[in-house]
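Structural description and commentary
What follows is each chain in one-letter form.
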Amino acid sequence: MKIRYLHTMVRVLDLDRSMEFFRLLGLEETRRVENDKGRFTLVFMAPPDQPECPVELTWNWDGDDGLPSDSRHFGHLAYRVENIYEMCQKLMDAGVTINRPPRDGHMAFVRSPDNISIEILQEGEHLPPQEPWASMGNTGHW
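The structure displayed is predicted, hence computed values, not measured ones. (Residues numbered from 1 in each chain as written. Predicted model: local features only at pLDDT ≥ 70, side-chain atom pairs only at ≥ 80, totals over all residues. Heavy atoms only, no water.)

A pair can form between side chains of opposite charge whenever their charged atoms are brought close. Within the structure shown, the criterion is met by 5 salt bridges. Of the charged contacts, one joins Arg11 and Asp64 as a salt bridge, the two residues approaching to 2.3 Å between their closest N and O atoms. A residue pair is termed long-range when its members are at least 10 positions apart, and Arg11 in strand 1 (residues 3-12) and Asp64 in the loop between strand 4 (55-60) and strand 5 (74-81) qualify at 53 residues. Just as Arg11 is buried, Asp64 falls in that class too. Close ionic contact of Arg100 with Asp104 constitutes a salt bridge, the shortest N to O distance being 3.5 Å. Accessibility expressed as a relative area gives 10% for Arg100, which makes it buried. Given a relative accessible area of 27%, Asp104 falls into the partly exposed group. Residues joined by salt bridges that share partners form a network here, namely Glu29, Arg32 and Glu34. (Salt bridge = Lys/Arg side-chain N within 4 Å of Asp/Glu carboxyl O. Helix = DSSP H or I, 4+ residues; strand = E, 2+ residues; numbered from the N terminus. Buried < 20%, exposed > 50% of the residue type's maximum accessible area, 1.4 Å probe, protein only.)

Laid out in structure tokens, this is it:
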């Protein structure tokens, strides 16, 4: 089963200050997403010679009271897979809790043994909803 690294996400309190820090490391902005409805900005930054290895800076416009106390400023690692249902079943069969099931045929979240949040995304178009995923609720937080 193919798997492809996508990005690492971190939540930030001050987007400009965080971007300045990553620029000091030599990273450049490669992409930006402004989400008015969700009231957040995503800035992807990567080394000039490694645009395929970005860090995603997530800045919530209305603040983020949980930072840094809830230790979720490190958000997640993200991977794209050929079949999200097969991957989630494989993980579940191995005893991994599916924290956010792929109800939409597109996105799921699990946790590593060290409690690192891992986002799994479907390659290409969303798969049609199917059971048991379509009716499965969230477990814990992701």
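Our focus in this paragraph is the confidence of the model for the protein chain. For the protein chain, per-residue confidence averages 89 on the pLDDT scale, and 93% of positions sit at 70 or higher. Per-element averaging of pLDDT across the protein chain places strand 5 at the bottom with 80 and strand 2 (residues 28-35) at the top with 97. (pLDDT = per-residue confidence, 0-100.)

To continue, consider the side chain of Glu56. Here Glu56 is to be found in strand 4. Despite its burial, Glu56 pairs with no opposite charge; the closest candidate is Arg31, at 6.3 Å N-O. There is a polar contact of 2.8 Å between the side chain of Glu56 and the side chain of His7. Sequence-distant contacts of Glu56, that is, excluding residues within four places in its chain, are made with His7, Thr8, Met9, Val10, Leu42, Val43 and Phe44. (Lys, Arg positive; Asp, Glu negative; His and termini not counted. Polar contact = N/O pair within 3.5 Å; in protein donor to acceptor, adjacent residues only side chain to side chain. Contact = heavy atoms within 4.5 Å.)

Okay, the layout of surface pockets next. The probe, sized like a water molecule, is rolled over the atoms to show the empty space still left. Computed from the structure, the largest pocket encloses a volume of approximately 280 Å³. Along the walls of the largest pocket sit 14 residues, with Met9, Leu42, Glu56, Thr58 and His76 positioned nearest its centre. Breaking the lining of the largest pocket down by element, the ones donating at least two residues are strand 1, strand 3 (40-46) and strand 4. Of the residues contributing to the lining of the largest pocket, the split by class is 6 nonpolar, 4 polar and 4 charged. The wall of the second largest pocket is formed by 14 residues, among which Leu6, His7, Arg31, Pro54 and Arg80 lie closest to the centre. (1 Å grid on protein atoms, 1.4 Å probe; cavity = no way out; pocket = protein on both sides within 12 Å on 5 of 7 lines; lining within 4 Å. Points joined across faces, edges and corners; volume = space filled by probe spheres on them. Nonpolar A, V, L, I, M, F, W, Y, C, P; charged D, E, K, R; others polar.)

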